[in-house]
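# Chains, contacts and geometry: an overview
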Amino acid sequence: MPPLAARVQAPPLLAPAAPAARPSARLRASSRPRGGVSRGALASEKPAAVAVAEKAAEDGEHGPYDAIVVGSGIGGLVAATQLAAKGARVLVLEKYLIPGGSSGYYRRDGFTFDVGSSVMFGFSDKGNLNLITQALKAVGRKMEVLPDPSTVHFHLPRDLSVLVHRKYEDFINELISKFPHEKEGILKFYGTCWKIFNSLNSLELKSLEEPLYLFGQFFQKPLECLTLAYYLPQNAGDIARKFIKDQALLSFIDAECFIVSTVNALQTPMINASMVLCDRHFGGINYPVGGVGGIATSLADGLVEKGSEIHYKANVTNVILENGKAVGVRLSNGKEFFAKTVISNATRWDTFGKLLKDKELPEEEKNFQKNFVKAPSFLSIHMGVKASVLPAGTDCHHFVLEDDWNNLEKPYGSIFLSIPTVLDPSLAPEGHHILHIFTTAGIEDWEGLSRKEYEEKKEVVANEIIRRLEKKLFPGLQDSIVLKEVGSPKTHRRFLARNDGTYGPMPRGKPKGLLAMPFNTTSIDGLYCVGDSCFPGQGVIAVAFSGIMCAHRVAADIGLEQKSPVLDAGLLGLLRWLRTLA
Ligand SMILES: NC(=O)c1ccc[n+]([C@@H]2O[C@H](COP(=O)([O-])OP(=O)(O)OC[C@H]3O[C@@H](n4cnc5c(N)ncnc54)[C@H](O)[C@@H]3O)[C@@H](O)[C@H]2O)c1
Ligand SMILES: CC(C)=CCC/C(C)=C/C=C/C(C)=C/C=C/C(C)=C/C=C/C=C(C)/C=C/C=C(C)/C=C/C=C(\C)CCC=C(C)C
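Predicted model only: the values in this text are computed from it and were never measured.

What counts and how
Residues numbered from 1 in each chain as written. Chains lettered and ligands numbered in written order. Predicted model: local features only at pLDDT ≥ 70, side-chain atom pairs only at ≥ 80, totals over all residues. Heavy atoms only, no water. Helix = DSSP H or I, 4+ residues; strand = E, 2+ residues; numbered from the N terminus. Expected span 1.5 Å × (residues − 1). Buried < 20%, exposed > 50% of the residue type's maximum accessible area, 1.4 Å probe, protein only. Near = heavy atom within 4 Å. Polar contact = N/O pair within 3.5 Å; in protein donor to acceptor, adjacent residues only side chain to side chain. Areas by Shrake-Rupley, 256 points an atom, 1.4 Å probe, with all protein chains shown as cover. Core = buried A, V, L, I, M, F, W, Y, C linked by side-chain atoms within 4.5 Å. Domains from an automatic or database assignment. Contact = heavy atoms within 4.5 Å. Buried area = accessible area lost by both parts, 1.4 Å probe. Salt bridge = Lys/Arg side-chain N within 4 Å of Asp/Glu carboxyl O. Nonpolar A, V, L, I, M, F, W, Y, C, P; charged D, E, K, R; others polar.

## Some details on helix α11 (residues 293–305)
Residues spaced three or four apart along an α-helix point in a common direction, a consequence of the helix completing one turn every 3.6 residues. The end-to-end C-alpha distance of α11 is 19 Å, a good match for the 18 Å that 13 residues give at a rise of 1.5 Å each. With respect to burial, α11 is a largely interior element, twelve of its 13 residues being buried. Those residues of α11 lying buried are Gly 293, Gly 294, Ile 295, Ala 296, Thr 297, Ser 298, Leu 299, Ala 300, Asp 301, Gly 302, Leu 303 and Val 304. Remark: Gly 307 follows α11 within two positions and exhibits a positive phi of approximately 95 degrees.

This is the structure we're talking about:
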């Protein structure tokens, strides 16, 4: 296993600095860097990818690029590495100091914190849906992982406690023991999830916008494809209600969906629910040794090794259009880069609202914004605590909703908690654990405050969440804290460059499953989107799939994969029409 790239001491509260990429003689670029030195220059500890990129820039080894990727979240990095593995020359431009976006990391006083979720799907060594494993492999990387014996421990109203064991039979038996009168319904609902998961797992996953591949899959696996087509416009809550009557059990399924979609089961596409409710047992949840940040640094290093580039502190402000086609990008320092295609890993709100702000919003995007709103952001608390506060055998991930099911989707209503040091003690100094606590919160709650009011509010809200956890799970928690950092929705907006700090898109009303979710092509020729505002939505494995699909479609369009212009026009038109039905 190749070692993780050198880690950067990258505090989350550090402003992304002015870009420092150098101009290239061979670029069509007007290069007028306005200077500006990183406020938090971290020069001595650059990831390998940073150093190589800077060297290449100095040597004038730029372009011509097949694709420019704006942003190095997992979606952008998977698109970039898949393209590089197909022989494309890619340039990734990242605003922040290190790769990963919401799947990044930071270090403090000997603790290594995951910026976002520590629950990793798609990281096993079997099947077709281990997309993280496959993405790393495409650029010659493999990470050591630690199997989690459970996915999450639910602590729910009326003292309902359900542990989602890694082994499916153990989980199902535990759930049936809590709802024995619903045994048949439980088996039928989760059985339907397996039918969908098995269909997904039997396919080779590539772009659903590429007709030669799509029709090929229908030809080779007609039953599986028809199963998926049947469930594509359906939601988990409706299927659950066909088999289950008990309101508390339906609420439990809401919580199952909420932790991965930020909405209840009636609003969660059945395909997405099936994917997560089964992969956690099929491949299991596996945690990368050294932390989630290693995935992005490994992908970035692999990308550079394949001859492509990644520049940090490169803030893209505009997509450049020529005769209506996307041909390049401009940075905040005025520098320009050009390529055959541009792929945006910024959210669709940021891509069309900021990078193309002078252009009228295309009809397709109006439709997207009609169907989807920005999910709220998070309040997150990263803590280092004395190990003695956790009882022996504490599970790694918890979800807490104390008294009232109606609070599930309310801001601060429920609490997510991950303790990754249960699996990988190397993330904290000896005798300590990491607690990553988060809860949904809207940006509107945090606007218009003075610096002092803002800091005080963070303290008050965080202390209340900690008090609730202390009461429910860990007596003495407050006194065990040795380090505490609180991030608000404003922190997420600032450091993840996500509009209003949003976690991702969520349906405005009751969706028709995944039908309305746009794929990667956009109505602008040469411009593609990747990440969680594309099919199939939020989630690290979901954006990895979006990256794989995007790379396939782009590769076909630039001649690295087969394509049929006639079939393309037909399929893309059909998909556009299907979306209008949603
Ligand atoms: N929001 C969270 O707290 C959180 C936490 C953990 C995991 N996740 C998962 O990660 C998924 C998101 O992954 P993703 O790949 O879509 O994106 P991402 O938001 O993780 O990454 C996007 C990257 O693009 C960069 N970027 C944005 N605009 C830019 C610009 N104009 N110029 C240069 N760089 C720019 C950002 O700095 C960021 O690194 C979410 O759906 C979620 O499931 C989210
Ligand atoms: C085209 C047409 C129209 C038709 C045709 C038919 C077909 C063939 C179809 C197909 C389809 C497909 C392939 C699909 C696919 C899909 C997928 C892959 C999906 C996926 C998904 C995933 C997901 C959603 C995930 C998610 C996850 C998440 C979000 C996670 C999160 C986590 C967290 C937050 C954590 C928690 C924690 C605690 C509790 C502490």
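Anyway, onward from the coordinates.
## What to know about the site of ligand 1
Around ligand 1 sit 31 residues, and of these Glu 94, Ser 102, Arg 498, Asp 532 and Gly 539 come closest. Here an oxygen atom of ligand 1 and a side-chain polar atom of Asp 532 are 2.7 Å apart. With the chains in place, 96% of the 880 Å² that ligand 1 exposes on its own is no longer accessible. Listing elements by their share of the shell around ligand 1, those giving two or more residues are α2 (74–85), α16 (489–496) and α17 (540–557).

## Some details on the nonpolar core
One recurring pattern in soluble globular proteins: nonpolar side chains tend to sit buried together. Membership of the largest hydrophobic core comes to 119 residues, with the highest contact counts inside it found for Phe 189, Tyr 190, Phe 252 and Phe 399. Per-element tally for this core: the top contributor is α17, with eleven residues. One finds Leu 379, Val 400, Ile 419 and Leu 477 within the second-largest nonpolar core, a separate group that totals 25 residues.

## Some points on the domain arrangement of the chain
Taken domain by domain, the chain holds domain 1 (43–110 + 290–373 + 504–580), domain 2 (165–284) and domain 3 (376–488). Computed from C-alpha coordinates alone, the two centres of domain 1 and domain 2 are separated by 28 Å. Across the contact, 32 residues belong to domain 1 and 26 residues belong to domain 2. Roughly 2400 Å² is buried in total at the junction of domain 1 and domain 2, and carbon and sulfur atoms are behind 65% of that figure. Our count for the domain 1 to domain 2 interface comes out at two salt bridges. A salt bridge links Lys 510 to Asp 238, with the nearest nitrogen and oxygen atoms 2.9 Å apart. Linking domain 1 with domain 2 are 13 residue pairs in polar contact (both at pLDDT 80 or more). Where the side of domain 1 that touches domain 2 is concerned, the elements lending two or more residues are β19 (505–507), α17 and α18 (565–580). The greatest single-element share of the side of domain 1 that touches domain 2, amounting to seven residues, is contributed by α17. Residue composition of the side of domain 1 that touches domain 2, grouped by class: 17 nonpolar, eight polar and seven charged.

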